[in-house]
Protein chains: 2
Amino acid sequence: MKRGALDPVVQESTPAIIARKIRDAIARGDFAPGVQLGEAELAKELGVSRGPLREAMQRLTQEGLLVSYRNRGLFVVSMDQDDFRDIYLARSAVEVAAINRVAGTDPEGGAAKLMEAVRAMEAAAATPDGQAITEADMRFHALLVELAGSPRLKKMHDTLLTETQMCLNALKSTYDTADKRISEHKGIAEAISRGDSDLAEKLLAEHMDDALMRLIP
Amino acid sequence: MKRGALDPVVQESTPAIIARKIRDAIARGDFAPGVQLGEAELAKELGVSRGPLREAMQRLTQEGLLVSYRNRGLFVVSMDQDDFRDIYLARSAVEVAAINRVAGTDPEGGAAKLMEAVRAMEAAAATPDGQAITEADMRFHALLVELAGSPRLKKMHDTLLTETQMCLNALKSTYDTADKRISEHKGIAEAISRGDSDLAEKLLAEHMDDALMRLIP
DNA sequence: GGCCCTTCGATTGTCGACAATCCAACTGTA
DNA sequence: TACAGTTGGATTGTCGACAATCGAAGGGCC
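Keep in mind the model is a prediction, meaning the values are calculated, not measured.

Residue and element names in this part refer to chain A. Unusually for a residue other than glycine, Asn71 sits at a positive phi of about 65°. Assignment of secondary structure puts Asn71 in the loop between β2 (66-69) and β3 (73-76). The exposure class assigned to Asn71 is exposed, which follows from its relative accessible area of 78%.

Take the sheet that holds strand β2 (residues 66-69) of chain B next. Backbone hydrogen bonds hold the strands of a sheet together, and the pairing may be parallel or antiparallel. Residues and elements named next belong to chain B. Ordered by their spatial adjacency, three strands build an open sheet running β1-β3-β2, and the pairing between neighbours is antiparallel. Every other strand in the sheet has two partners, leaving β1 (36-37) and β2 as the edge strands with one partner each. Strands β1, β2 and β3 (73-76) of the sheet are contacted by helix α3 (residues 50-63), whose axis makes an angle of about 110° with β2.

With that settled, consider helix α8 (residues 178-193) of chain A. Residues and elements named next belong to chain A. Over its 16 residues, α8 extends 23 Å from the first C-alpha to the last, a length consistent with the 22 Å expected when each residue adds 1.5 Å. Looking at the packing, one finds that the buried side of α8 touches α4 (81-105), α5 (107-126), α6 (130-147) and α9 (197-215). Count one or two residues on from α8 and you reach Gly195, which has phi positive near 75°.

On to the domain arrangement of chain A. Frequently, the measure chosen for interface size is the accessible area removed from exposure when the parts meet. All names here are of chain A. One can read the domain layout of chain A as domain 1 (14-76) and domain 2 (81-215). Summarising the inter-unit geometry, the C-alpha centres of domain 1 and domain 2 are found 28 Å apart. Contact between domain 1 and domain 2 buries roughly 600 Å² in total, counting both sides, with carbon and sulfur atoms accounting for 66%. Considering only the side of domain 1, the residues that lose the most area to domain 2 are Ala27, Glu63 and Leu65, jointly responsible for 60% of the buried surface there. Put simply, domain 1 and domain 2 have zero salt bridges between them. Applying the counting rule to domain 1 against domain 2 returns one residue pair in polar contact (both at pLDDT 80 or more). Of the residues forming the side of domain 1 that touches domain 2, the biggest block, four residues, is contributed by helix α1 (residues 14-28). Of the residues that constitute the side of domain 1 that touches domain 2, the class distribution is five nonpolar, two polar and three charged.

Rules of the game
- Residues numbered from 1 in each chain as written.
- Chains lettered and ligands numbered in written order.
- Predicted model: local features only at pLDDT ≥ 70, side-chain atom pairs only at ≥ 80, totals over all residues.
- Heavy atoms only, no water.
- Helix = DSSP H or I, 4+ residues; strand = E, 2+ residues; numbered from the N terminus.
- Buried < 20%, exposed > 50% of the residue type's maximum accessible area, 1.4 Å probe, protein only.
- Pairing = 2+ DSSP bridges.
- Contact = heavy atoms within 4.5 Å.
- Axes fitted to C-alpha atoms, helices over the stretch in contact; angles between N-to-C directions.
- Expected span 1.5 Å × (residues − 1).
- Domains from an automatic or database assignment.
- Buried area = accessible area lost by both parts, 1.4 Å probe.
- Salt bridge = Lys/Arg side-chain N within 4 Å of Asp/Glu carboxyl O.
- Polar contact = N/O pair within 3.5 Å; in protein donor to acceptor, adjacent residues only side chain to side chain.
- Nonpolar A, V, L, I, M, F, W, Y, C, P; charged D, E, K, R; others polar.

This is how it looks when you write it as structure tokens:
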């Protein structure tokens, strides 16, 4: 019998599933920052009892997406400008590390996949859907960290990305032109392909500064 | 009435307290990697019911300290060499960002506090307790990230530090001489005090490589 | 009118009990 | 002896119910 043909079945736990659903809803903006999440109501809506639901909430609290006030309830975290800055600072830390890792191990292969993501951004820019290019943008950054092959960097980055989405929902930032947005990403990918991690790092820092400046005037 | 004289009382939730206790126990090595944590037993020992306990477990699972196998239970994560490498990679990412932040905002003040932590290491080295210097070592790194003033970097780093402790417990790594260990940290602090973040970054990278090499031969 | 106290409804925090699932040991068969 | 099937004990997953706490509305007092 051929070995390694089958992946072990992973049964996701119920709290993990619930947490994902609520996390996505928060990222989409379906739950506005600051609003309270009533347990009974959510449990009824999801078709589970309060037990598993509360376990899921603890996950999201640990992640920093919810804040808990004892005996009062759980609330979607509301972020101020300091949080915006902090999110982009932390994202820079993670993505810079990813750049160095990719540029130091597989520059060409990694950059090729990143260029594919850039092309996806170009395709998204051609559509009238304004949300599409933002999603493609975030996928670029998610891919960059994935390519680094570090489970811990990836996990940290995932939460940072949902927080980023919350920022964007709150402040509806927009690029004036999609061209600049695309070329910035392309520049990073090209620098990586050349193994020039210093340049890629510098370009990323500028890219992050730009994004932050669009959020905070 | 004078304003701002009182801090708001923060009532830590029960799951948060339980999670901290178990997290500390894991960091200390009281729960060896790979062992199963029975809910009933733990609940009885902590004097709570299984409800809040399970909520705490979800926190630790989200943190990556426990792994959950459905219908089988929760186990302390067991780490291999890839995990060791990944932990030090992620720590480098966070601490490099902290260095740049401290060196870029308050180099002298930050470095002064770091030098204090170095002196604490020297004091610990003078004691026969071999664990003391390791704790002082980790406090140096924790302080470095605290000085960056980023809640997100700090939270990420805290989990990485407990994972680091798990590594050390598993492999009992030791420096041959405490002098080298202290001088490495002193060098980083001095580089920061001069605002030379590039040098500090380079020294930290070497410091991390050294630590990893002592773990993985 | 303004302030404090009390009461009430609603929500959270906690617990015990039941059902579902899994692992290990045992039994029977070829 | 080796293997498939069965049974039993123990643990996890889920639920409903009760107690504790909080915020808001109402009433009384100065």
